[in-house]
Every structure is written in C-alpha cells, then in structure tokens.
Amino acid sequence: MARRGPTFVCQNCGAVTGRWQGKCEACGEWNTIVEEGAAADARMAGPGRPPRKGRPFALEPLAGETHEAPRLPSGIAELDRVTGGGFVRGSVLLVGGDPGIGKSTLLIQTAAALARAGHRAVYISGEEAVAQVRLRAERLGLAAAPVELAAETSVEDIIATLTQGKTPRLVVIDSIQTMWTDAVQSAPGTVTQVRGSAQALIRFAKRAGAAVILVGHVTKDGQIAGPRVVEHMVDAVLSFEGEGTHLFRIMRAVKNRFGPTDEIGVFEMTGSGLREVANPSELFLSERDLGSPGTAVFAGVEGTRPLLVEIQALVAPTTLGTPRRAVVGWDQSRLSMVLAVLEAHCGVKLSGHDVYLNVAGGLRIQEPAADLAAAAALVSSLGNAPLPSDAVFFGEVSLSGAVRPVAQSAARLKEAHKLGFARAFVPEPARGEAGPDAGLALTGIGGLADLVADIAQRGRRGRPPELKAAVGDR
Ligand code: TYD
Ligand code: MG
C-alpha cells in the first residue's frame, strides 16, 4: 500500500504538492501553501477528541413553496437593470473596476438613494477618511442623505457594529482589499486576508439578510485582484468599465445568481457624479463623423436593449514586414476571421495593409452580429468609399463568406428607425422576416461578396486596385 504522506494545498489556486514551498509553482503566489489532510486535521483536533459524528438532516423535494427573491431596488434604473431588478436581501455583490473609474462615486450615490428612501444604508471606507467621503458626498449634493459612514478596516469590528441596532439593508465595503480579519494570520492585502474577510462578510450578509456590496480592485490585465475564489464566493460580480478619456461608464454583470448576465447599465460621469443614460444609442452616436469613409453604424443588442454604435476602421498601406492588426472594443480573433473571409471569398487584398478597428465611445462589443458592420467599415476605408450615413448594419459572417441571420432583428430595426435611420443592410433571411413595414429600406445581403461589390461601386476616387478584383468590370 502506498504511504500517505502529508499534502500541501495552495490556498489560492488549489494546486497540491507533496512538500511545503514558499511559492506555488502553479499560480506563482507566495506564502499560500498550507498543510491539509488527515495528519494536519488530527494535529488541529488535538489528542483525545473523538471525531464528530454527522447529524442527519431532512432532504427537501425540488418542488415546493418558493419565494421570489426579495429585492431592494436602488432607484438607479441602470444599476437595477444590471442586477436584475435590485439588490437581493442576504446577497453579496462584488463590484470591480479600474482605479478612478467611479466605483466609490456610484456606490455612495446608491447608498444615498436607499437611505433617502428610508432604508438603513452603511458605507464603510477602508481607503478614504470620513472627511474625504463627506467632501465627495457634498459635491454630489448628497450631504443631507442619512447614510451612516465609517472609515474602518477590521472585519470583526465592522460586523460587531453592523449587528447592533436595526439590520442595515445595504452595506458598502470600499474596498475588500483593505479589509483584514483576525481569523487569519497573514498581512492585510494578501490573498488569504482578502478571502478570509470576504468569507466573514458573506456569512454576515446571509445571517443578517443585508445586501453587501464589496468593491474590488482590478489588476492591469482586467482581473479582480486577490483570489479568483472571491468571485466564486459572491452572488454576483459586476464590472464597471470605461475608457479613461471618455465619459461613458458601463456596468456589466459578469456573474449573477439572481438575474441576467447580458444586461449593461450605461452612465455618464459628470461634474455632479454619475448620471444614468437611459438612451445610450443617442449618446454613442452623438459625435458621428458623417460622410467619411471607414465608419459603419452597427445595430447591436446588449441584453434586452438594442444599442446602436459606430464602428470605425482605418486600412492603410503598411511599412512593416508584418502588417499591424489593432482592435479596440472588439474581439481580435473575430477581426482576423473577417479579414480572412474578405481575402479568401471577396477578393479583397489586405495583406499589404495595416488594419485598425475601433468601437466608438469606449464600448466593448461581444456579439458576432457586428461582423457585417466591421466588414463594411473595413471595405469602406480601403476603398475610400463612404457608407450611406443613414444606414445601419448587422449580420454574422460565416467562414464560407455567407451572411447569417442573428437574433432580435426586429428590435435592432426598430431602434434604428427610432433614431432616424432610413436603411439597413441585413442578412437576406432577416429581410423576409422583418416584412415591408419595418420602417426602413432593407437591403438583404446573402454573402459578404455582395456587400463588398456594393461598397466598391461607391468609391470616390475610382476603384483602388485592391478592390478591382472584387468588383470585376461591373
Ligand atoms: P471614484 O469614484 O473615486 O473612483 P474609484 O472609486 O473607482 O477609484 O472616482 C474618481 C474619479 O471620478 C475622479 O477621477 C474624478 C471623477 N469624478 C467626477 O468627474 N465627477 C464627480 O462628481 C466625482 C465625485 C468624481
Ligand atoms: Mg474608490
């Protein structure tokens, strides 16, 4: 029989080793390896203490009485849209985002909105002094809201304070990385501390029925700093994003046990805090450069909400051996795919060109439905052929060059019509579906080559040689 030695487990990633090490080889974290298993448990239990016998409990059928999760709407509609209708009692939400993106601003606004509605809301700052938080609240015009404030970092003290008096409905912890608990030995800010603190706060939330929001910092590569396991422990993870130079801020649900994960909330950073943007299409299209080549409006859908955005492309002859392909706001591999389809099936030669693609307004698109708009912008830039400024595009491009239908065509067309667009380039089957009363003139695109030919005809300074092959002598 094999000898069972002690096992050592990394508390960050769960890797198992046969001996103790200072650094986990699997995840690269320091001081996270702890002895676990029978030998360690026996030592912890001490001599003479018999192992506890399990206590049986009643199992429940799947069918039975259910209660809709009791929700507490924040009163900030864009936030409620992302959470799925408000904060759930006893749930824990992690809000991540780059420093300075506006997490503290949004959460003090949320706490103030709830406090004004008569709920007990507590805001604990581990980063700023009470005076700093007050100063911000004053600037936001929230000074009169009855939010209870503290600058504290000890989780035990915080929980002791919160369990006094009426249970708060909302507790904001800004941020989880600054918290520490006596239950674990390591220094504040370490992986073990962050996880220990999160665990204690989650236990408090479940026990007391309060909604707890944890603020989490984000590392350079976009991960919420600290152990990934905090993301697994909480009920919902919201990510707050935006480009530093833009004023739009987008709240996205990465995980949500009580609601959808595909909804976004759109905010605008103003001098008096974050303002909700109820109609984001107008905002994303507000600075359009009409009539210049290389821009196409994509009729997208985020969650249940249609959203029009401008996709910009620049295709320019390269001076490098390997041409550049840079993309902001869209998927790099999707761009490569669209470029490959243009080369292989549409006769568009791009191997000698640098390609830049940008989604305006700092938005990040995840839908494959943007393929057609991206292709249109690329070909328009290459051919120096402006697209009609009153047209929108959507459709997924397959590797064979066919344009495939996408979900929610009607909603996309309706939004485009509402915003004054008169034409839409859509997958051929979607044209039939939408019928004649879509309010827009629809051009059905069966294959990407049709679109390329259509755009090449509009070229300003004659056809560039790269597009000649695509159009032939038409
Ligand atoms: P903050 O909420 O402190 O960011 P985080 O907590 O995510 O680090 O936001 C700080 C930024 O927001 C700061 O650069 C200034 C800007 N801001 C405004 O533009 N208007 C405002 O009313 C406030 C309070 C902040
Ligand atoms: Mg902050």
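Residues numbered from 1 in each chain as written. Chains lettered and ligands numbered in written order. Predicted model: local features only at pLDDT ≥ 70, side-chain atom pairs only at ≥ 80, totals over all residues. Heavy atoms only, no water.

Visitor: Which residues make up the packing of aromatic side chains, and what values go with them?
Guide: Counted under the stated rule, the structure contains two aromatic pairs. Geometrically, the ring pair formed by Phe-240 and Phe-267 is edge-to-face, given 6.0 Å between the ring centres and 80 degrees between the ring planes. Linking Phe-240 in strand β11 (residues 236-241) with Phe-267 in strand β13 (residues 264-270), this pair joins segments that are 27 residues apart in sequence. In this structure, Phe-240 and Phe-267 share a single accessibility class: buried. (Phe/Tyr/Trp six-rings, centres within 6.5 Å; stacked < 30°, edge-to-face > 60°. Helix = DSSP H or I, 4+ residues; strand = E, 2+ residues; numbered from the N terminus. Buried < 20%, exposed > 50% of the residue type's maximum accessible area, 1.4 Å probe, protein only.)

Visitor: Talk me through the environment of Arg-458; I want residue IDs and the actual numbers.
Guide: Inspection of the secondary structure assignment puts Arg-458 in the loop between α13 (448-456) and α14 (465-471). Contacts of Arg-458, omitting those with residues within four sequence positions, involve Ala-385, Pro-386, Pro-388, Arg-423 and Phe-425. (Contact = heavy atoms within 4.5 Å.)

Visitor: Give a detailed account of the pattern of salt bridges, specifying residues and quantitative values.
Guide: On inspection of all chains with the given rule, the structure shows 16 salt bridges. Glu-128 serves as the salt-bridge partner of Arg-136, at 3.0 Å between the closest nitrogen and oxygen. Overall, the relative accessible area of 17% leaves Glu-128 in the buried class. For Arg-412, the salt bridge identified is with Glu-367, shortest N-O distance 2.7 Å. Placement of Arg-412 in helix α11 (residues 409-418) and of Glu-367 in the loop between β18 (353-359) and α10 (371-382) is noted, with a sequence separation of 45 residues between them. This pair shows no difference in class: Arg-412 is buried, exactly as Glu-367 is. Linked by salt bridges that have partners in common, Glu-78, Arg-81, Glu-263 and Arg-305 make up one network. (Salt bridge = Lys/Arg side-chain N within 4 Å of Asp/Glu carboxyl O.)

Visitor: An account of the site of ligand 1 is requested, with residue identities and associated values reported.
Guide: As a structural note, the neighbourhood of ligand 1 is formed by 16 residues, with Gly-100, Lys-103, Ser-104, Thr-105 and Gly-273 the closest of them. At 2.9 Å from an oxygen atom of ligand 1 is found a side-chain nitrogen or oxygen belonging to Arg-136. Gly-271 places a polar main-chain atom, nitrogen or oxygen, 3.0 Å from an oxygen atom of ligand 1. Of the residues forming the shell around ligand 1, the biggest block, three residues, is contributed by helix α3 (residues 103-116). Within the shell around ligand 1, the residues separate by chemical class into four nonpolar, eight polar and four charged. (Near = heavy atom within 4 Å. Polar contact = N/O pair within 3.5 Å; in protein donor to acceptor, adjacent residues only side chain to side chain. Nonpolar A, V, L, I, M, F, W, Y, C, P; charged D, E, K, R; others polar.)

Visitor: Can you explain helix α5 (residues 155-162)? Please cite residues and give values.
Guide: Within the span of α5, buried status applies to Val-155, Ile-158, Ile-159 and Leu-162. Down the axis of α5, the buried side of the element spans an arc of 95 degrees, and every buried residue falls inside it. Structurally, α5 contributes buried residues whose contacts are with β7 (121-125), β9 (170-174) and α6 (191-208). (Arc of directions from axis to C-beta.)

Visitor: Account for the sheet that holds strand β16 (residues 305-317), with residues named and values stated.
Guide: The strand order across the open sheet formed by seven strands is β17-β18-β16-β15-β19-β22-β23, and the pairing between neighbours is mixed. Two strands in the sheet have a free side with no partner beyond their single neighbour: β17 (325-328) and β23 (441-445). Between one strand axis and the next, the sheet turns through 25 degrees on average, direction left out of account. (Pairing = 2+ DSSP bridges. Axes fitted to C-alpha atoms, helices over the stretch in contact; angles between N-to-C directions.)

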